[in-house]
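# Coordinate analysis (summary)
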Amino acid sequence: MLQIYDTLTKQKTAFKPLVEGQISMYVCGMTVYDYCHIGHARVMVSFDVITRFLRSQGWKVNYVRNITDVDDKIIKRANENQESMQQLTQRMIEAMHEDEASLFVLPPDQEPRATGHIQGIIEITQTLIDKGYAYAAGNGDVYYRVAKFEGYGKLTNKNIDELRAGARVAVNEIKENPIDFVLWKAAKEGEVSWPSPWGDGRPGWHIECSAMSKHCLGDNFDIHGGGPDLPFPHHENEIAQSEAANGCTFANSWMHAGAVRVNSEKMSKSLGNFFTIREVLKKYNAEVVRLFLASVHYRSYIDYSEQSLKEAQVKLERFYQALRGINATAEVELQNDYSGKFNAAMNDDFNTPKAIAVLFELVNELNSASRQKLPTAPTLAKQLLDLANSIGLLQQDPEAFLQGEAKEGELSAQQIEAFIIERKAARANKDFAESDRIRDLLLEQSVVLKDTREGTSWFRES
RNA sequence: GGCGCGAUGACAGAGUGGUUAUGUAGCGGACUGCAACUCCGUCCACGCCGGUUCGAUUCCGACUCGCGCCUCCA
């Protein structure tokens, strides 16, 4: 049975799909004005793990992740760069797709863009005005009348009076109430704009997600997800917009990933303490980053550090060492509970650390079986691969992963093989001094040798 | 101030009202020419104070500390 923690009810509850066997999920994606950082990676990887796992369990998942490609920050950045908004967003979308692919993150089923849904945005805005939930201010802006929506604040336990009291929003006489937020912004000179019943303008933040989710999944769908800084105000406002306009419950459950921290502080654009995905991938294999992220439950915060990345690297080496040289095939019947435990952990609000612990138990048995040349080894290896693959791990060839790509200044595979042949000759002559000299020489280049009956294999140590 | 989250062994990180998490590191042994990989064994634990209970790291309350949101950020 699948259990999911819902941000709104603050409880883990049994998941009930709208349609038997199917899951409709909308995840807030990127605002494309800069390269993705590890915080973005966490959202991408978390929901990729979730989607892959659900599919492995037979769920038919319709996964939508939007792109917000029109927004204040984008316009500002494009101006700074002296390029058009389209040029900037196109570049950043391409970069995002590259990052995604290198992290083994599967593309969502649908990836709508805000600029492709202006008509839908205008329609919802009009509906909200017609129903009294929004008003056109004299200057061409349209605002949401927050006090009119009864459920406002239900996601994040806010109440309107306190929000108003603490409103740090600049007082704006055009608004009826300082906490009202903008649905449609009148165009400024030289800014990108679209025609609307209220004059030329562009969407505010929040409304695009109401329009895109409605278009892709309907008025009511199963899961809405996103990053840790989205519950307020973004998701709160989405609820207000969509529920008021559509007259029904918006998302049935809300999932939010935890923050990535650096030195106990949230990694964020505003603090400037972020590492971009491409930066990190120069130093670490993509699966190392995936495993690092999956080593902590998706809702908890995770500390980004070199040490954590190295640990993930070592863990992955253990997995691949176990799989190395084994032809993973289901040859024999196994009587074990690894799959049951793994799936139970994942079905319990996607408990990846617990699930991965099961994989290590399996590795242990696999190594033991390999060592004793038991006939169960290939089947255990297959089981390990199947389970790991169900969350998008262990997708590389063990040999390729362990030997890695030679980085700048490192020995090539051919050079290493040549040294191994030299060493083999020395060992055959019992010239252990020479043999050890070669081994130490390679070790200085981070190449570790492993002698077996079948010969010498090697891997690059992190 | 309001609303939330967290505090687990050397580190990372799950979990549980009474039973081994898991990984790395450490220690002892096996394997090895010596190593590495691997295997076997092993040490180290639940912030503080009360309460409930036969029994609490696990439930309840207070406290201390840390973090997030309340403003753009995944």
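The shown structure was predicted, so the numbers you read here are calculated from the model rather than taken from an experiment. (Residues numbered from 1 in each chain as written. Chains lettered and ligands numbered in written order. Predicted model: local features only at pLDDT ≥ 70, side-chain atom pairs only at ≥ 80, totals over all residues. Heavy atoms only, no water.)

### Here's the deal with helix H1 (residues 38-56)
Defined as follows: Secondary structure elements are taken from DSSP: a helix is a run of H or I of four residues or more, a strand is a run of E of two residues or more, and numbering for both begins at the N terminus. An expected span of 1.5 Å times one less than the residue number is assigned to each helix. Each residue is placed in one exposure class: buried if its accessible area under a 1.4 Å probe, protein chains only, is under 20% of its type's maximum, exposed if it is over 50%, and partly exposed if it falls in between.
The end-to-end C-alpha separation of H1 is 26 Å, in line with the 27 Å expected for 19 residues at 1.5 Å each. With 17 of its 19 residues buried, H1 lies for the most part within the structure.

### Overview of the sheet that holds strand E13 (residues 302-303)
Whenever strands of a sheet pair, they do so through backbone hydrogen bonds, lying parallel or antiparallel. Which entries qualify depends on this criterion: Here the rule is simple: two strands pair whenever DSSP picks up at least two bridges between them.
Taken in spatial order, the three strands make up an open sheet running E12-E11-E13, and their pairing is mixed. Here the strands that pair on one side only, and so sit at the sheet edges, are strand E12 (265-266) and E13. Across two bridges, strand E11 (residues 260-262) lies against E13 in parallel orientation. Bridge pairing in E13 places Val260 opposite Ile302.

### A word on the sheet that holds strand E4 (residues 60-68)
Using the following cut-off: For every element, the axis is a line fit to its C-alpha atoms; helices are fit only across the contacting stretch, and the angle between N-to-C directions ranges from 0 to 180 degrees. Contacts are assigned to residue pairs with any non-hydrogen atoms lying within 4.5 Å of each other.
Sheet architecture is open: four strands sit in the order E4-E3-E9-E10, paired in parallel fashion. Two strands in the sheet have a free side with no partner beyond their single neighbour: E4 and strand E10 (251-256). Neighbour-to-neighbour, the strand axes of this sheet turn through a mean angle of 20°, independent of strand direction. Sheet topology note: the strand E9 (residues 221-226)/E10 ladder contains five bridges and is parallel. Each residue of the ladder has a partner; that of Gly226, found in E10, is His256. Contacting strand E3 (22-31), E4, E9 and E10, H1 runs over the sheet at an angle of about 165° to E3.

### Let's talk about the environment of Asn177
Relative to the elements of secondary structure, Asn177 occurs in the loop between helix H5 (160-165) and strand E7 (181-186). Since its relative accessible area comes to 9%, Asn177 is described here as buried. Setting aside residues up to four positions removed in sequence, Asn177 forms contacts with Tyr135, Ala147 and Arg164.

### Let's talk about the packing of helix H9 (residues 286-294) against helix H10 (residues 306-323)
Note the following rule: Roughly parallel means an angle under 35 degrees; roughly antiparallel means over 145; roughly perpendicular covers 65 to 115; every other angle is labelled oblique. Throughout, the ten residues Ala, Val, Leu, Ile, Met, Phe, Trp, Tyr, Cys and Pro are labelled nonpolar, Asp, Glu, Lys and Arg are labelled charged, and all others, Gly among them, are labelled polar.
Where H9 contacts H10, the two axes come as close as 8 Å, and the packing angle between them is 105°. The orientation of H9 relative to H10 falls into the category roughly perpendicular. Of H10, the residues touching H9 (which contributes Glu287, Val288, Val289, Leu291 and Phe292) are Ser308, Leu309, Ala312, Gln313, Lys315, Leu316, Phe319 and Tyr320. In the contact of H9 with H10, the residues fall into nine nonpolar, two polar and two charged.

### Remarks on the side chain of Ser435
Here Ser435 lies in helix H16 (residues 432-444). In this structure Ser435 comes out as buried when scored by relative accessible area, which is 1%. For Ser435, the contacting residues outside a window of four places in its chain are Arg423, Ala426 and Arg427.

### Brief notes about the nonpolar core
What tends to happen in soluble globular proteins is that the nonpolar side chains get buried as a cluster. This is how the line gets drawn: What makes a nonpolar core is a set of buried Ala, Val, Leu, Ile, Met, Phe, Trp, Tyr and Cys residues whose side-chain atoms join them at distances within 4.5 Å. Segmentation of the chain into domains, including their bounds, is taken from an automatic or database domain assignment.
The biggest cluster of nonpolar side chains holds 129 residues, and the ones touching the most others in it are Tyr144, Phe319 and Phe350. Counting only domains with at least three residues in this core, you end up with domain 1 (3-257) and domain 2 (261-402). Beyond its immediate chain neighbours, meaning those up to four positions away, Phe319 contacts Leu291, Ile356, Leu359, Phe360, Val363, Leu384 and Leu394. Counting eight residues, the second largest nonpolar core, distinct from the first, contains Leu411, Ile416, Ile438 and Leu442.

### Looking at the environment of Arg113
With respect to the helices and strands, Arg113 occurs in the loop between helix H3 (85-102) and helix H4 (118-130). C-alpha of Arg113 to C-alpha of Asp34: the two residues are 79 residues apart in sequence and 16 Å apart in space. In this view, Arg113 contacts Ile67, Asp69, Gln90, Ile93 and Met212; residues no more than four positions away in its chain are not counted.

### Here's the deal with the state of the cysteines
Quick reminder of the rule: The disulfide criterion used throughout: a pair of cysteine sulfur atoms within 2.5 Å.
Applying the stated criterion to the full structure yields zero disulfides. You can see Cys209 has no disulfide; the closest cysteine sulfur is in Cys28, sitting 3.8 Å from it. No disulfide involves Cys216; its sulfur sits 10 Å from the nearest other cysteine sulfur, which is in Cys209.

### Some words on the pattern of salt bridges
Test applied: Salt bridges, as used here, are contacts in which a Lys or Arg side-chain nitrogen is within 4 Å of a carboxyl oxygen on Asp or Glu.
Taken as a whole, this structure holds 30 salt bridges when the rule is applied. As a salt-bridge pair, Asp34 and Arg77 come within 3.4 Å of each other at their nearest N and O atoms. In this pair, Asp34 sits in the loop between E3 and H1 while Arg77 sits in helix H2 (residues 72-81), placing the two residues 43 residues apart along the sequence. The class of Arg77 is partly exposed, set by a relative accessible area of 22%.

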